[in-house]
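# Structure assessment
Residue-level listing of the chains:
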Amino acid sequence: MSTSVLVINCGSSSIKYALVSDLRENRIYGIAENLNSADARIKGITFGGQPLELSIPYADHSQALETILNRLSHYKPQAIGHRVVHGGSLTKAELLTPEIIEKIREATPLAPLHNPAHLIGIEATLKLFPELPQVAVFDTAFHQTMPEHAYRYALPKFLYTEHNVRRYGFHGTSHAYVTDRASELAGDFRKGGWLCAHLGNGSSTCAVWNGESIDTSMGLTPLEGIVMGTRSGDVDPSLHSFLASNLGWDIEKIDNMLNKESGLLGLSNLSNDMRTLVEASQAGNEDATLAIEVFSYRLAKSLAALSCGLPTINGLAFTGGIGENSAYIREKTLAYLPHFSFKLDKALNNNLARGSEGRIDQGEGPQIWVIPTDEEGRIAQETRAVVDA
Ligand code: AMP
C-alpha cells in the first residue's frame, strides 16, 4: 500500500481534511466547520463509508486537528500535505521548514484571506505532530511555467520588480490533475495541447502544453477571469474609479461587491448556485437565463483566448461541480465555440453518470472529456513525491 497522507486545507473558520491512501473509494474525509464558535463541528465520512458528525463546541484549529487525528489514530498518516493557495515565487511543493513558512507568510499580501488561515493550520499540525514530514502544495505552483508574456500585466515595470504584481493563476492542483488524467485517458500522457475548464463556485480556465501550464484565466488574485458564483471575473479596471467618483464607494466596498455580490449571484439577483439558476431559467426567470448565458459565453471566450498559446488542441476537459455535472452548461459553452471543430456527442454528454469520467465527443475533432477533479489526491501525490525524494 502506498504512503497514507493526511491532506489539510485550512480556511479561516474551517478545516477540510482527507486521508488519502490507496483507492479513492476508501477515502476518509470531512470538514471541521464553525471553528471558535458554540456550533463548531466535524462532519464527514469515516472508515467503511460511515457518516461522521461530531460536535466540538468552541474548538479552535489546533483542537479540531487533534480531534481529527485522534479519530484516525489506528490508521496514522505517514505525512501531511497542506493546501496553500499562494506560494508567491515558489515553483513546486516544498517540505515545510522555517524558511518555507516564512515565504508563505511573505506571500500573505497576495492572498490575505487564505494564507493566514493556512499558516494557523501549519503551525498547529507542526506542534501536534513534530515527527511527521509536512509538505506545502501551492495552488499557484503549476502556473509558474507560464511564459513572461502570459504572466506580466501591461503596467509600470517597478510594480512587478519591486512589488511582485503579476499574474499567478490558481486552481493549479485541479488543472494539473485533470489535464494529466485527460491526456492519460487519451493515450498520450502529458503530450500536446489541452484546455481545461474548472467550473465550481470559483472557476478558471487553463491552457496546458505537454503537461505544463502556459496560461490561465486567474491572475494576481482569484478574481480575474471568467464569471464565478459570487465573483465578477474580468471587469473594466476603470470601474473602480467610476464607482468611487459617482457613488462615493471606498475600495473595501468595491472589493466586497466584486468578490461576494457579483458573478452568477449578481447577474441573477437570485443565487450563486448553478443548479438553482438552471431550474429558475427553465421556469422562465429571465435574470437566471441571462446569468447562464453570460457565464457560458465568457467561459467560451476565455477558452478561445487561451488557445492562442497552444500550437495544437488535443482536447478540452471539464471539471468542478458545474463542469462535472451540468451537461447543459457544457453544451452551451461548446455552442459558443463554433470555429474550433469540437463535435459534442449530445447523447454521451447528457447520459454521463454523475461523478464519473468520460469522453463526450463524436470521435472526430479535438477530444472533449469530463474529469471529476481530485485535488486531495494530487496534493497527496505531490506530498509523497517530496517526502520520498
Ligand atoms: P464546487 O465549488 O466545485 O463544489 O461546485 C459548486 C457548483 O456546482 C455550484 O454552483 C453547484 O450548483 C454546481 N452544481 C453541482 N451539481 C450541478 C448540476 N447537476 N447542475 C448544475 N450545477 C451543478
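Residues numbered from 1 in each chain as written. Predicted model: local features only at pLDDT ≥ 70, side-chain atom pairs only at ≥ 80, totals over all residues. Heavy atoms only, no water.

Selection rule: UniProt positions are given in the numbering used here, feature names are shortened, and annotations may be inferred rather than shown by experiment.
In the nomenclature of an unreviewed UniProt entry, the protein chain is known as Acetate kinase of Acinetobacter larvae. What UniProt states about the protein chain under its Subcellular location (unreviewed entry) heading is, verbatim, "Cytoplasm". Looking at the Sequence similarities (unreviewed entry) heading of the UniProt record, one finds this comment for the protein chain: "Belongs to the acetokinase family."

## Focus on unusual backbone geometry
We count it as follows: To qualify as a helix, a DSSP run of H or I must reach at least 4 residues; to qualify as a strand, a run of E must reach at least 2; elements of each kind are numbered from the N terminus.
One non-glycine residue, Asn-36, lies in the positive phi region at around 65°. Position of Asn-36 relative to the elements: it lies in the loop between strand S3 (28-33) and strand S4 (41-45). The phi torsion at Asn-164 lies on the positive side, around 60°, for a residue other than glycine. By secondary structure assignment, the location of Asn-164 is in the loop between helix H5 (157-161) and helix H6 (172-185).

## Some words on the nonpolar core
For the record, the criterion: Definition of nonpolar core: a set of buried residues of the types Ala, Val, Leu, Ile, Met, Phe, Trp, Tyr and Cys, connected through side-chain atoms within 4.5 Å. Only protein chains enter the area calculation, which uses a 1.4 Å probe; residues under 20% of their type maximum are buried, those over 50% are exposed, and those in between are partly exposed. Whether two residues are in contact is decided by their heavy atoms: any pair within 4.5 Å suffices.
Of all hydrophobic cores here, the largest spans 33 residues; its most connected members are Leu-199, Met-274, Phe-295 and Leu-334. Counting only elements with at least two residues in this core, the list comes to strand S9 (193-199), helix H10 (274-282), helix H11 (286-306), strand S12 (315-319), helix H13 (327-335) and strand S14 (367-370). Looking at this core, the element that brings in the most residues is H11, giving eight residues. Beyond its immediate stretch of four places on either side in the chain, Met-274 contacts Leu-264, Ile-292, Phe-295, Ile-322 and Ile-329. Ranked by size, the runner-up nonpolar core spans 23 residues in total, among them Leu-19, Ile-28, Leu-72 and Phe-129.

## What to know about the packing of helix H2 (residues 98-106) against helix H3 (residues 115-128)
This is how the line gets drawn: To obtain an axis, a line is fitted to C-alpha atoms, over the contacting stretch when the element is a helix, and the angle between two such axes runs from 0 to 180 degrees between their N-to-C directions. Angle categories: roughly parallel below 35 degrees, roughly antiparallel above 145, roughly perpendicular from 65 to 115, and oblique for all the rest. Handedness of a crossing follows from how the near helix is turned relative to the far one, being left-handed for an anticlockwise turn of less than a right angle and right-handed for a clockwise one. Each residue is assigned to one class: nonpolar for Ala, Val, Leu, Ile, Met, Phe, Trp, Tyr, Cys and Pro, charged for Asp, Glu, Lys and Arg, and polar for all the others, Gly among them.
At a closest axis distance of 9 Å, the pairing of H2 and H3 adopts a crossing angle of 160°. Judged by the angle between their axes, H2 and H3 are roughly antiparallel. Of the two elements, H2 crosses H3, and the hand of that crossing is left-handed. Here Ile-101, Ile-104 and Arg-105 of H2 come into contact with H3, specifically with Asn-115, Leu-119, Ile-122, Glu-123 and Leu-126. For the contact of H2 with H3, a count of residues per class yields five nonpolar, one polar and two charged.

## Observations regarding the site of the ligand
Here is the rule we go by: The rule for a residue being near a molecule or strand is that one of its heavy atoms must lie within 4 Å of it. Polar contact is the term for a pair of N or O atoms within 3.5 Å; when the atoms are in protein, one must be able to donate a hydrogen and the other to accept it, and sequence-neighboring residues count only if both atoms are side-chain atoms. Computed with the Shrake-Rupley method and a 1.4 Å probe, the accessible areas treat only the protein chains shown as cover for residues.
Gly-200, Asn-201, Asn-272, Asp-273, Met-274, Arg-275, Gly-320, Gly-321, Ile-322, Asn-325, Ser-326 and Arg-354 make up every residue found near the ligand. The contact in question runs from an oxygen atom of the ligand to an N or O atom on the side chain of Asp-273, over 2.3 Å. Between an oxygen atom of the ligand and a main-chain N or O atom of Arg-275, the distance comes to 3.2 Å. Bound to the protein, the ligand loses 73% of the 500 Å² it would expose on its own. Elements supplying a minimum of two residues to the shell around the ligand: H10 and helix H12 (320-325).

## Side note on helix H15 (residues 375-388)
Selection criterion: The length a helix should cover is 1.5 Å for every residue beyond the first.
Between its first and last C-alpha atoms H15 spans 20 Å; for 14 residues at 1.5 Å apiece the expected length is 20 Å, and the two agree. Taken as a whole, H15 has its buried residues at Gly-377, Arg-378, Ile-379, Ala-380, Thr-383 and Arg-384. Elements that come into contact with the buried residues of H15 comprise strand S1 (5-10), strand S2 (15-20), strand S6 (79-84), strand S8 (134-138) and H6.

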